[in-house]
Structure formats: C-alpha cells, structure tokens
Amino acid sequence: MIQQIDTTKVEELAGKVIGDVAGALSLFMAYIGDQSGIFDTLDGEGRLTLAQIAEKTGYNEKYLHQWLGSVSAAGYVTFHPADETFSLSPEQALVFAREGQPANMQGFIMAVVSQYEEHQKSVDTFRSGQGRPWGEHSQCLFCGTDRFFRPGYQANLVESWIPALDGVEGKLTKGAKVADIGCGHGSSTVLLAKAYPNSTIHGIDFHEPSIEEARRKAAEAGVTNVDFQVATAQDFDGNDYDFACIFDALHDMGDPVGAARHIREKLKDDGTLMLVEPMAGDTMAENMHPLGQIFYAFSTTVCTPASLSQPVGLGLGAQAGQKRLTKVLNEAGFSNIRRASETPTNMVLEVTG
C-alpha cells in the first residue's frame, strides 16, 4: 500500500530538524566560548566592537567574527547592528558566564559535548546491547555532570531539601553520621560538611578518579569533617548512619534494589535516606517534553549502559518515575516513601522504615 506524503508535514519536520541542528551547533559554540573565556571577557563590559573583543581576548578577529555571528544569531550574545557592537546582557551572563549560578548551563553543555566526543563508543554500545561502565566515558562527562548539578545542590540542598525531611536537619545540626553515596566529585559531600560542621560526612563512590577529585576539592575547601572511600552502594563500610543520600545516581546502578537494601542495613532504625532523582512522570506519555527528551537521551548513552555493565543490570533509566522508584525501595525493605520536595529537574524522596 502506497502511503500519501503530506508535504506540509515534511516541511514542518524538516524545519524542526534545521532548528535542532542550529541548537546543536550553538551548544558547541557556547562550549568554545566557555573554554576560551570569551563569555567571561564580555560579562560586565558593555558594548564592544569586534576589534575591542579581539584586543581583550587576544584571539584572531576572523575566528571571533564567525563565532560572534553564530552565538548572536542564537541569542547567546546580543548584537547591536546600529554600531556593530556586541554585549552580554545580565541574563545571558547568568546562563553562560557566571560559574556557580543555578541558571548557568555550561555544565549541561559540557556533558552534551562529552557524548559527541566519544560518539562511536555510544553507537557500538547501543548496537551491541551490552553495558558501558561509567569510568569508560570522557573526563568531560564527569566534569560536566558535577558542574551542572552543583549549583542546584547549592541552591536547594540546605535551604529546602533537608528542611523538608522529618527531623533530619536537627540531627545534622547536632552532629550525625552521614553517607553520601555516589558522591562523584564530592560537591554534595563538601556542601554538607560546610553546612553541618558537627556531622561527619562519608563520601562514597565506586569510581576511584572521582574520589581522588573529591578529596582534592574537600582539601581545597578546608573541610575536615569528611571521609571518602572507594566502594559501591552495595558494599560500602560503616554502620549506624543517621542519614544517607543519593543524588541522581540510583538509576545508574545495576542493582538498585541491592544498593537500597544495603543502605537500609547500614542506617540506624530511625535513619533516613534522601533519594534525589531526575524529575519524571510514571509513564512515557508524561515525559514527552524537552526535559524528558534530554533525560531519555542521556539515559540512552550514559545511565542505562552504566547499569547494564554491572551485576543484575536492571536499567531503570533516568526517567524511572516515583512509582517505579517506590517499588525498588519497597523491595529493598523500606516501607515509607514520600515526595518531600521537588524542583523543575529533580524529585526528592524521603525514605524511612
């Protein structure tokens, strides 16, 4: 049966693809601007000519001309045609230049670039159906992931997430034993250590290079109430933890049930697990929006391959949703799960019992 082609729909879809291609290239241009420091140079300088930007940065005017044309067309930099100058608005500066601000997207962009950097490995992994360990990705992914999530943790962890948990803030203030599981580069560990100096924060991750970076960051921050160990969520040491937390990592684990069960065994009877996971509905239909599109994409190349590379290989994916996560936690022996807080990108579950 020959299907009729709706040329209007073809044109609409092709137009969307052109927009997507423009967006993909704009992210790459933003990455170049970040790594070369051009956004930082433009921040707060007002309107500058091409020659002035070249003088301030020391970069070739011909390259700058092309780069500025692309990012200005994308709306990442403001072009003033009347005098052919360029500037960075306060809003553009927050998104592209000011490190540590919750609105800064350069970490997210860096993580995207990391996927293109090793695209063939992703294709080979997808076609094979086998797993790909977290440690086999580009260093750019590790840095980008930490850089993207860190501002969100800084803005929400101490101010809203922990206060939303029953009795946890008081324990941490008084002095508690804490397990930060899947701590990566240690940003959350250091943040907790600074906020609650009477508590001891144990950062745990199975990726040794990340633990080495976490130790460096803790030393740089001058916090001494931290300890780091290379271990999985299923076999980390210690007992009688008052509080455990997992930030955007449970869905990457091959055996999340076993991990949660081990955590439950290591917690005190009145201990609490705070599980922070990507925001998602319980069905694919609920996740048909740009954020869902992004999380499904990263799950295809990073999260699910990481899970499949480990024993059990459950492959929850980055859009597991609260219902599926609750089932995992129930199977691990936890009986009480409630959504304590949320942001546009994350859900925060309080897990007890």
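Residues numbered from 1 in each chain as written. Predicted model: local features only at pLDDT ≥ 70, side-chain atom pairs only at ≥ 80, totals over all residues. Heavy atoms only, no water.

A.B. asks: Explain the overall build of the protein chain to me, and be specific about the residues and the numbers.
C.D. replies: Secondary structure summary: the protein chain contains 14 helices and 9 strands in total. Computed over C-alpha atoms, the radius of gyration of the protein chain comes to 22 Å, within 12% of the 20 Å expected from 2.2 N^0.38 for 353 residues, which places it in the range of a compact globule. Seen through its C-alpha atoms, the protein chain measures out along the principal axes to roughly 70 × 65 × 35 Å. For the protein chain, with 353 residues in total, the buried portion stands at 49%. The contacts of the protein chain with a sequence gap of at least 6 include a subset with a gap of at least 24, amounting to 67%. Charge separation in the protein chain, taken as the distance between the mean sites of 27 positive and 45 negative side-chain charges, equals 3 Å. (Helix = DSSP H or I, 4+ residues; strand = E, 2+ residues; numbered from the N terminus. Rg over C-alpha atoms; globule rule 2.2 N^0.38 Å. Buried < 20%, exposed > 50% of the residue type's maximum accessible area, 1.4 Å probe, protein only. Contact = heavy atoms within 4.5 Å. Lys, Arg positive; Asp, Glu negative; His and termini not counted. Charge placed at Lys NZ, Arg CZ, Asp CG, Glu CD.)

A.B. asks: Outline the pattern of salt bridges, supporting the account with residue identities and numerical values.
C.D. replies: For the structure shown, the criterion picks out 17 salt bridges. Glu220 is the partner of Arg216 in a salt bridge, and the nearest nitrogen-oxygen pair spans 3.2 Å. With a gap of 4 residues between them, Arg216 and Glu220 both fall in helix H11 (residues 208-221), about one helical turn apart. Of the residues examined, Arg216 reaches a relative accessible area of 40% and is grouped as partly exposed. Notably, a salt bridge pairs Arg338 with Glu350, separated by 2.7 Å at the nearest N-O pair. Placement of Arg338 in strand S8 (residues 336-342) and of Glu350 in strand S9 (residues 346-352) is noted, with a sequence separation of 12 residues between them. (Salt bridge = Lys/Arg side-chain N within 4 Å of Asp/Glu carboxyl O.)

A.B. asks: I'd like a description of the packing of helix H1 (residues 7-36) against helix H4 (residues 61-74), backed by residues and values.
C.D. replies: Relative to each other, H1 and H4 sit at 125°, their axes nearing to 10 Å. For the element pair H1 / H4, the angle class is oblique. H4 is crossed by H1, and the crossing has left-handed handedness. Every residue of H4 that contacts H1 at Ser26, Met29, Ile32 and Gly33 is listed here: Trp67, Ser70, Val71 and Ala74. A breakdown of the residues in the contact of H1 with H4 according to their chemical character gives 5 nonpolar, 3 polar and no charged. (Axes fitted to C-alpha atoms, helices over the stretch in contact; angles between N-to-C directions. Parallel < 35°, antiparallel > 145°, perpendicular 65-115°, else oblique. Left-handed = near helix turned anticlockwise from the far one by under 90°. Nonpolar A, V, L, I, M, F, W, Y, C, P; charged D, E, K, R; others polar.)

A.B. asks: Explain the packing of aromatic side chains residue by residue, including any values.
C.D. replies: In the structure shown here, the tally under the stated rule is 12 aromatic pairs. Ring geometry for Phe39 against Trp67: centres 5.4 Å apart, planes inclined by 65°, an arrangement best described as edge-to-face. Residue Phe39 is located in helix H2 (residues 38-42), and its partner Trp67 is located in helix H4; the two are separated by 28 residues in the primary sequence. Here Phe39 and Trp67 have matching classes, each one buried. (Phe/Tyr/Trp six-rings, centres within 6.5 Å; stacked < 30°, edge-to-face > 60°.)

A.B. asks: Which residues make up the sheet that holds S8, and what values go with them?
C.D. replies: Read from one edge to the other, the open sheet built from 7 strands follows the order S5-S4-S3-S6-S7-S9-S8, with strand pairing classed as mixed. Every interior strand has two partners, whereas the edge strands, strand S5 (226-230) and S8, have only one. For this sheet, the mean inter-axis angle between neighbouring strands, taken without regard to orientation, is 20°. Pairing of strand S3 (residues 177-181) with strand S4 (residues 200-205), which is carried by 5 bridges, proceeds in the parallel orientation. Considered in S4, the bridge of Val178 is made with Ile201. Lying over the sheet, helix H10 (residues 187-195) contacts S3, S4, S5 and strand S6 (241-247), oriented at roughly 175° with respect to S4. Packing of helix H12 (residues 256-266) onto the sheet brings it into contact with S3, S6 and strand S7 (267-278), and relative to S7 it is tilted by some 145°. (Pairing = 2+ DSSP bridges.)

A.B. asks: Explain unusual backbone geometry to me, using residue names and the numbers behind them.
C.D. replies: For Glu84, which is not a glycine, the phi torsion comes out positive at approximately 55°. Its place among the elements puts Glu84 in the loop between strand S1 (78-80) and strand S2 (85-87). A positive phi angle, close to 55°, is found at Asp240, a residue other than glycine.

A.B. asks: So what about the environment of Leu250? Which residues, and what values?
C.D. replies: For Leu250, the position within the fold is in the loop between S6 and H12. A relative accessible area of 1% means that Leu250 is categorised as buried. Apart from the residues lying within four places of it in its own chain, the contact partners of Leu250 are Pro256, Leu275, Glu277 and Leu325.

A.B. asks: Give me the lowdown on the pairing of S6, citing residues and values where you can.
C.D. replies: By the criterion of burial, S6 is predominantly enclosed, with 7 of the 7 residues buried. Relative to S6, S3 runs parallel, the two sharing 4 bridges. Following the sheet pairing, Ala179 is matched in S6 by Ala244. Here S6 pairs with S7 via 6 bridges, running parallel. Residue Ala244 lies in a different strand from S7, and its bridge partner there is Leu273.

A.B. asks: So what about the side chain of Asp146? Which residues, and what values?
C.D. replies: Position of Asp146 among the secondary structure elements: in helix H8 (residues 139-161). Of the polar contacts made by the side chain of Asp146, one reaches the side chain of Ser187; its length is 2.6 Å. Beyond its immediate stretch of four places on either side in the chain, Asp146 contacts His185, Ser187 and Lys217. (Polar contact = N/O pair within 3.5 Å; in protein donor to acceptor, adjacent residues only side chain to side chain.)

A.B. asks: Quick rundown of helix H13 (residues 290-308)? Include the residues and the values.
C.D. replies: For H13, built from 19 residues, the straight-helix expectation of 27 Å at 1.5 Å per residue is met to within 8% by its first-to-last C-alpha distance of 25 Å. Taking the largest bend as the criterion, H13 deviates by roughly 60°, centred on Ser299. Where H13 is concerned, the buried positions are Gly292, Phe295, Phe298, Ser299, Thr301, Val302, Cys303, Pro305, Ala306 and Ser307. On its buried side, H13 packs onto helix H6 (106-117), helix H7 (119-128), H8 and S7. (Expected span 1.5 Å × (residues − 1). Bend = angle between axes of the 7 residues up to and from the residue.)

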